[in-house]
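Working through the structure, step by step
This is what each chain is made of:
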Amino acid sequence: MQRWRGLEDIPEDWGRSVVTIGSYDGVHRGHQLIIGRAVARARELGVPAVVVTFDPHPSEVVRPGSHPPLLATHQRRAELMAGLGVDAVLVLPFTTEFSRLTPADFVAKVLVDKLHARVVVEGPNFRFGHKAAGNVAFLRELGTTYDYEVEVIELYEHGAAGGGEPFSSTLVRRLVAEGDVAGAMEVLGRPHRVEGVVVRGAQRGRELGFPTANLETPPHTAIPADGVYAGWLTAQGEAMPAAISVGTNPQFDGTERTVEAYAIDRVGLDLYGLHVEVDFLAYLRGQEKFDSIEALLERMAVDVKRARELVEEHGGSR
């Protein structure tokens, strides 16, 4: 799959394509419907399927300080999109200047001049251009001028998550913030992932017999509510069952919020400096402060046992 950053990265000889546009944060099951349809149309027509997305999130430019928690890095989104059959991902730097493009200019500069769109696939609530003035009706109207077709995907996925709300990135962010990682997994179609570089912490876990990988996460990462979880720690391509702690470590009067993962039944791991992924399968309990270190250790042993059982019940793999 090709990855482009900015319009200037698109090859000069790029031909017709099927395009879909959106932030697509998380690439959840609703997103998968739209992207999947774009890929299907591209295969029917014998042209590439292109996803257009933005960095940073448009809200940060339009309303500074309102950047939402991110469900996936751009690298992760690209991997997921490649798995859906996408041929190219165009990441457009979302600047103040870019935000001022009128809907008509956006269509002309991006969809027509650079991507030579033959079909554009979107959801019914798609908005674009300055002050989000463009909608699918206007997109379709311009299609008659520029010779492209617009296909609107009306299908919305629902499930038990969020009380039956339509699947959306907003819903996933809320579920993650509440610690409902099982609900988030239903919407995403896979466990919610937090990734980062392993850094040195206070090393109390090592002293207590439960050495943890302490993650330094990218800005705006969507981190689950404080508590203990079951899931996986993946390092250098190997996924290991894990007990995961999120919080400030109140047992030792901590103040900084951290994500730490203990790789169950693994001895002698040295992960410092490595980029790792933590996938959240299930919530075990909230953050607690115990009466003694002994009580903490007893509970940690219970947490690890339960995490091991849940991962095994899930099949052991992601």
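As annotated in an unreviewed UniProt entry, the protein is Riboflavin biosynthesis protein from Streptomyces yatensis. One UniProt comment on the protein, placed under Sequence similarities (unreviewed entry), says "Belongs to the ribF family."

1. Brief notes about the packing of aromatic side chains
The full count for this structure, using the stated rule, is 10 aromatic pairs. Taking 5.5 Å as the distance between ring centres and 70° as the angle between the ring planes, the aromatic pair formed by Phe-94 and Phe-98 counts as edge-to-face. Considered together, Phe-94 and Phe-98 belong to a single accessibility category, that of buried residues. Ring geometry for Phe-126 against Phe-128: centres 5.3 Å apart, planes inclined by 15°, an arrangement best described as stacked. According to the relative accessible area criterion, Phe-126 is buried, its value standing at 11%. An aromatic cluster is built from Phe-54, Phe-94, Phe-98, Phe-106, Phe-126 and Phe-128, whose rings are joined through pairwise contacts. Taking the ring centre of Tyr-272 as reference, the NZ or CZ of Arg-200 above it sits at 3.8 Å.

2. Observations regarding the packing of helix 7 (residues 169-178) against helix 8 (residues 181-188)
One way to put it is that helix 7 packs onto helix 8 with a least axis distance of 8 Å and a crossing angle of 160°. The angle between helix 7 and helix 8 places the two elements in the roughly antiparallel class. In this structure, the crossing between helix 7 and helix 8 has a hand that is left-handed. Contacts from Leu-171, Val-172, Leu-175 and Val-176 of helix 7 reach helix 8 at Gly-183, Ala-184, Val-187 and Leu-188. Looking at the contact of helix 7 with helix 8 residue by residue, the class counts come to 7 nonpolar, 1 polar and no charged.

Each value, and the rule that gives it
- Residues numbered from 1 in each chain as written.
- Predicted model: local features only at pLDDT ≥ 70, side-chain atom pairs only at ≥ 80, totals over all residues.
- Heavy atoms only, no water.
- UniProt positions renumbered as here; feature names shortened; annotations may be inferred.
- Phe/Tyr/Trp six-rings, centres within 6.5 Å; stacked < 30°, edge-to-face > 60°.
- Buried < 20%, exposed > 50% of the residue type's maximum accessible area, 1.4 Å probe, protein only.
- Lys NZ or Arg CZ within 6 Å of the ring centre and 35° of its normal.
- Axes fitted to C-alpha atoms, helices over the stretch in contact; angles between N-to-C directions.
- Helix = DSSP H or I, 4+ residues; strand = E, 2+ residues; numbered from the N terminus.
- Parallel < 35°, antiparallel > 145°, perpendicular 65-115°, else oblique.
- Left-handed = near helix turned anticlockwise from the far one by under 90°.
- Contact = heavy atoms within 4.5 Å.
- Nonpolar A, V, L, I, M, F, W, Y, C, P; charged D, E, K, R; others polar.

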